[in-house]
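Topology and contacts: notes
So the chains spell out like this:
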Amino acid sequence: MIYSFNNKTPLIDPSVYIADYVTISGDVTIGQESTIWFNTVIRGDVNSTRIGRKVNIQDLCCLHQSPAAPLILEDEVTIGHQVTLHSCTIRKGALVGMGSIILDGAEIGEGAFIGAGSLVPPGKVIPPGMLALGRPAKVIRELNDEDKLDMRRIVKEYAEKGQIYKEMQQKSSDQ
């Protein structure tokens with residue numbers, strides 16, 4: 001479901017795949033080839049949400065913001081299943097693992113990896129290219145080449161899978 005809120009309607013590139021049971025409302029922008037998976041909620045009813053190109057937001061995620069701060073996801077970001085993002089910034093190529101929570105004012109650096117189940121508290125900055133995990137998240141180590149390749153693989157596969165699902169969706173609506 002796509003909803004306008006306070007005269008703001010989500011701006012979603014036509015190439016974006018949106019799975020069933022997704023809700024997107026208000027001041028939300030989603031860039032080319034991004035994928036929004038089943039039962040995700042993206043609300044732009046308090047501040048803006050900006051989602052870049054080739055971002056994959058997996059099943060059961062919740063994205064929202066506070067009045068003083070938008071939510072920003074730069075290009076080629078991966079957001080794992082059941083992640084909550086609230087008024088934070090996720091830089092290009094970063095990955096947030098399943099079940100993690102990233103809170104107001106936190107910033108996940110370019111190409112950083114947040115391990116599954118982590119909590120990044122308000123205002124915490126995770127430097128670029130680092131692995132951080134835990135509750136609260138702490139930097140563990142620098143990512144190696146294998147980590148980086150795997151993160152790029154995930155972005156590529158989700159963009160491709162989204163287009164397959166989009167084609168299937170279109171065929172079933174044509175019938």
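Here's the deal with the nonpolar core
By size, the foremost hydrophobic cluster in this structure holds 41 residues, and its most contacted members are Ile57, Leu73, Leu85, Ile90 and Ile102. Elements that contribute at least two residues to this core include exactly strand 3 (17–18), strand 4 (23–30), strand 6 (41–51), strand 9 (71–73), strand 13 (95–96), strand 19 (130–134) and helix 1 (145–174). Among all residues touching Ile90, those that are not within four sequence positions of it are Ile72, Leu73, Glu74, Val77, Leu85, Val96, Ile102 and Ile108.

Remarks on the sheet that holds strand 10 (residues 78–79)
The eight strands are arranged 3-5-7-10-13-16-19-20 in an open sheet whose pairing can be described as mixed. Strands at the two margins of the open sheet, each flanked by one partner only, are strand 3 and strand 20 (137–142). With two bridges connecting them, strand 7 (residues 56–57) and strand 10 associate as parallel partners. Opposite Ile57, over in strand 10, you have Ile79 as the bridge partner.

Focus: a nonpolar patch on the surface
On the surface, Ile164, Tyr165 and Met168 cluster together to form a nonpolar patch covering roughly 280 Å² of accessible area. Summarising the element assignment, Met168 is placed in helix 1.

With respect to the pattern of salt bridges
A full pass over the atoms with the stated rule returns 10 salt bridges. Across the pair Glu107 and Arg91 runs a salt bridge, and its minimum N-O distance is 3.1 Å. Remark: Arg91 occurs in the loop between strand 12 (89–90) and strand 13 and Glu107 occurs in strand 15 (residues 107–108); sequence separation between them is 16 residues. Residue classification places Glu107 among the partly exposed residues on the basis of a relative accessible area of 27%.

Side note on the packing of aromatic side chains
Enumeration over the complete set of coordinates arrives at six aromatic pairs. Here the aromatic rings of Phe38 and Tyr165 are separated by 6.2 Å at their centres, their planes lie at 70°, and the arrangement is edge-to-face. Taken together, the positions of Phe38 in the loop between strand 5 (35–36) and strand 6 and Tyr165 in helix 1 put the pair 127 residues apart, joining distant regions of the chain. Classification of Phe38 by relative accessible area gives partly exposed; the value is 24%. Three or more aromatic residues link up through ring pairs in this structure, and these residues are Tyr17, Trp37, Phe38, Tyr158 and Tyr165. Positioned above the aromatic ring of Tyr158 is the side chain of Lys161, whose terminal nitrogen or guanidinium carbon lies 4.8 Å from the ring centre.

A word on the pairing of strand 19
Summarising the sheet, strand 16 (residues 113–114) and strand 19 pair through two bridges and their orientation is parallel. Across the sheet, the residue bridging to Ile114 is Ala132, located in strand 19. Inspection of the sheet shows strand 19 paired to strand 20 by five bridges, in the antiparallel sense. Residue Gly134 lies in a different strand from strand 20, and its bridge partner there is Ala137. In this structure, the hairpin formed by strand 19 and strand 20 is closed by a connection of two residues.

Some words on the side chain of His64
In this fold, His64 is placed in strand 8 (residues 62–64). A relative accessible area of 12% places His64 in the buried class. Within polar-contact distance, the side chain of His64 engages the side chain of Arg43 at 3.1 Å. Every residue in contact with His64, bar those within four places of it in the chain, is listed here: Arg43, Asp45, Val46, Leu71, Leu85, His86 and Ser87.

Calculation criteria
- Going along each chain's sequence as written, the residues are numbered from 1 onward.
- Reporting of local features is limited, given that this is a predicted model, to residues whose pLDDT is at least 70; pairs of side-chain atoms are given and counted only at 80 or more, and all residues count toward the totals for whole chains, interfaces and linings.
- Note that the side-chain values use all heavy atoms of the structure and ignore hydrogens as well as water.
- Residues grouped as a nonpolar core are buried Ala, Val, Leu, Ile, Met, Phe, Trp, Tyr and Cys residues, joined through side-chain atoms within 4.5 Å.
- Using a 1.4 Å probe on the protein chains alone, a residue whose accessible area is under 20% of its type maximum counts as buried, one over 50% counts as exposed, and one in between counts as partly exposed.
- Here a strand is any run of E in DSSP of at least two residues, a helix any run of H or I of at least four, and the numbering for each starts at the N terminus.
- We call two residues contacting when some pair of their heavy atoms lies within 4.5 Å.
- Here the rule is simple: two strands pair whenever DSSP picks up at least two bridges between them.
- Exposure above 30% relative accessible area and no salt bridge define the residues that can form patches, which grow by joining like charges within 9 Å and nonpolar side chains of Val, Leu, Ile, Met, Phe, Trp and Tyr within 5 Å.
- Residue-level accessible areas treat just the shown protein chains as cover; the underlying method is Shrake-Rupley with a 1.4 Å probe.
- In the sections that follow, a salt bridge refers to a side-chain nitrogen of Lys or Arg positioned within 4 Å of a carboxyl oxygen of Asp or Glu.
- Any two of the Phe, Tyr and Trp rings considered here, Trp counted by its six-membered ring, make a pair once their centres fall within 6.5 Å; the pair's planes then place it as stacked at under 30 degrees, edge-to-face at over 60, or tilted in between.
- Definition used: whenever NZ (Lys) or CZ (Arg) falls within 6 Å of the ring centre and also within 35 degrees of the ring normal, the charge is taken to sit over that ring.
- Counting of polar contacts relies on pairs of N or O atoms within 3.5 Å, with two restrictions inside protein: one atom must be capable of donating a hydrogen and the other of accepting it, and residues adjacent in sequence are counted only when both atoms are side-chain atoms.

The values reported here are purely geometric and, on their own, carry no functional implication.
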